[in-house]
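Architecture at a glance
Spelled out, the chains give:
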Amino acid sequence: MTDTITDHADDSLSKGESLVQMEQVGKTYGPIRALKDINLTVNAGDVTCVLGDNGAGKSTLIKIISGLHPHSEGTVRVDGEPVSFSSPRDALAHGIATVYQDLAVVSLMEVWRNFFLGSEMTGSRFPLSGLKIREMRQIADQELRKMGIVVKDIDQPIGNLSGGQRQCVAIARAVYFGARVLILDEPTAALGVKQSGVVLKYIAAARDAGLGVVFITHNPHHAYLVGDHFIILKLGRAVLDRKRSEVALDELTRMMAGGDELSELSHELKR
């Protein structure tokens, strides 16, 4: 499974190579400070897990890396060069693809149409030229099968697939279109144990293929299964920044749950 993903990975990437760096990055919306002094490095062949509760700053971080919003402070580098993305398409041109929690799919549209959504193959460069339907159907089916995703009917609405399958289609789509950095926004949040396992396998496969993966989640157990580096955000700041070898699951869970604040609350609630 991993080898097939490598077919579309950048052959020049080597494990540990720095793809994206954030240095003292901050973001303000008027008087509101959403992020402050964030340092984050995304390396090829690594999964960087960003954890935090609602309002911690995870969504703002995604928006900056994906090109949706510019950063207000600090420096963002891609391949060592400072950048300030003007749009998600600009970020995608640098090899950064984002799979949002809502997946940006059209439930009633066919699987193959969703695979090429926004990047349809046409007979010429003219907007009204015919779609290469047969070719797109064949490519979508082949790419999904390469990742071990067998869809019985590529023409069925994508809404008929399970949540885990839809996530995997979105991941396969990003890889096919040349992603070197894959940002996943809470991909297991609404899934059961079995479907979450399916998604985590493909996250590991993308990592092993040499992609840099940013896994946004509030679930420390899911993060620890695939993560190489862990960052916990709280109120826009990083309260934990550790490599896998430097933190155990128990500590990660405790910090994610509130750490000392939870201990104080437990003490207060004791009778």
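Structure report, in brief. (Residues numbered from 1 in each chain as written. Predicted model: local features only at pLDDT ≥ 70, side-chain atom pairs only at ≥ 80, totals over all residues. Heavy atoms only, no water.)

Okay, the pattern of salt bridges next. Tallied over the entire structure, the rule returns nine salt bridges. A salt bridge links Arg33 to Glu73; the nearest nitrogen and oxygen atoms lie 3.1 Å apart. Here the residue Arg33 occupies a position in strand S2 (residues 32–43), and Glu73 occupies one in strand S4 (residues 73–78), the gap between them amounting to 40 residues. Exposure remark for Arg33: the relative accessible area of 37% places this residue in the partly exposed category. A salt bridge links Arg145 to Asp141; the nearest nitrogen and oxygen atoms lie 3.1 Å apart. Of this pair, Arg145 and Asp141 are both found in helix H5 (residues 133–146), four residues apart, which corresponds to roughly one turn of the helix. The exposure class assigned to Arg145 is partly exposed, which follows from its relative accessible area of 44%. For Asp141, a relative accessible area of 22% gives the class partly exposed. (Salt bridge = Lys/Arg side-chain N within 4 Å of Asp/Glu carboxyl O. Helix = DSSP H or I, 4+ residues; strand = E, 2+ residues; numbered from the N terminus. Buried < 20%, exposed > 50% of the residue type's maximum accessible area, 1.4 Å probe, protein only.)

Of note, Tyr100 is situated in the loop between strand S6 (96–99) and helix H4 (111–115). Spatially, the C-alpha atoms of Tyr100 and Ile216 are 9.8 Å apart, while their sequence positions differ by 116 residues.

Across the sheet, six strands lie side by side as S6-S7-S8-S3-S9-S10; this open sheet has mixed pairing. Taken across any chain shown, the strands that pair with only one partner, and hence form the sheet edges, are S6 and strand S10 (237–243). With strand direction ignored, the average angle separating the axes of adjacent strands in the sheet is 15°. Where strand S3 (residues 47–51) and strand S8 (residues 212–217) come together, five bridges link them in parallel fashion. For Val50, the partnering residue across the bridge sits in S8 and is Ile216. Packed on one face of the sheet, helix H6 (residues 163–176) meets S6 and strand S7 (181–185) and runs near 170° to S6. (Pairing = 2+ DSSP bridges. Axes fitted to C-alpha atoms, helices over the stretch in contact; angles between N-to-C directions. Contact = heavy atoms within 4.5 Å.)

Once that is clear, we can look at the sheet that holds S4. One open sheet holds the four strands; their spatial order is S2-S1-S4-S5, and the pairing between them is antiparallel. Two strands in the sheet have a free side with no partner beyond their single neighbour: S2 and strand S5 (81–83). This sheet shows a mean twist of 30° between the axes of neighbouring strands, independent of strand direction. Sheet analysis places strand S1 (residues 18–29) next to S2, joined by eight bridges and oriented antiparallel. Opposite Tyr29, over in S2, you have Ile32 as the bridge partner.

Most peptide bonds are trans, and most residues other than glycine sit at a negative phi. The residue Asp79 is not glycine, and still its phi comes out positive at about 55°. Within the secondary structure, Asp79 sits in the loop between S4 and S5. Phi angles above zero are rare outside glycine, and Leu235 is one such case at about 50°. In this structure, Leu235 sits in the loop between strand S9 (229–234) and S10.

Glancing now at H5. For H5, which comprises 14 residues, the first-to-last C-alpha distance of 20 Å matches the rise-based estimate of 20 Å (1.5 Å per residue) to within 8%. Those residues of H5 that sit buried are Met136, Ile139, Ala140, Glu143 and Leu144. In an axial view of H5, the angular spread of the buried residues amounts to 125°, which keeps them on one side of the axis. Against the buried residues of H5 lie H4 and H6. In the stretch just after H5, Gly148 is the one whose phi turns positive, near 85°. (Expected span 1.5 Å × (residues − 1). Arc of directions from axis to C-beta.)

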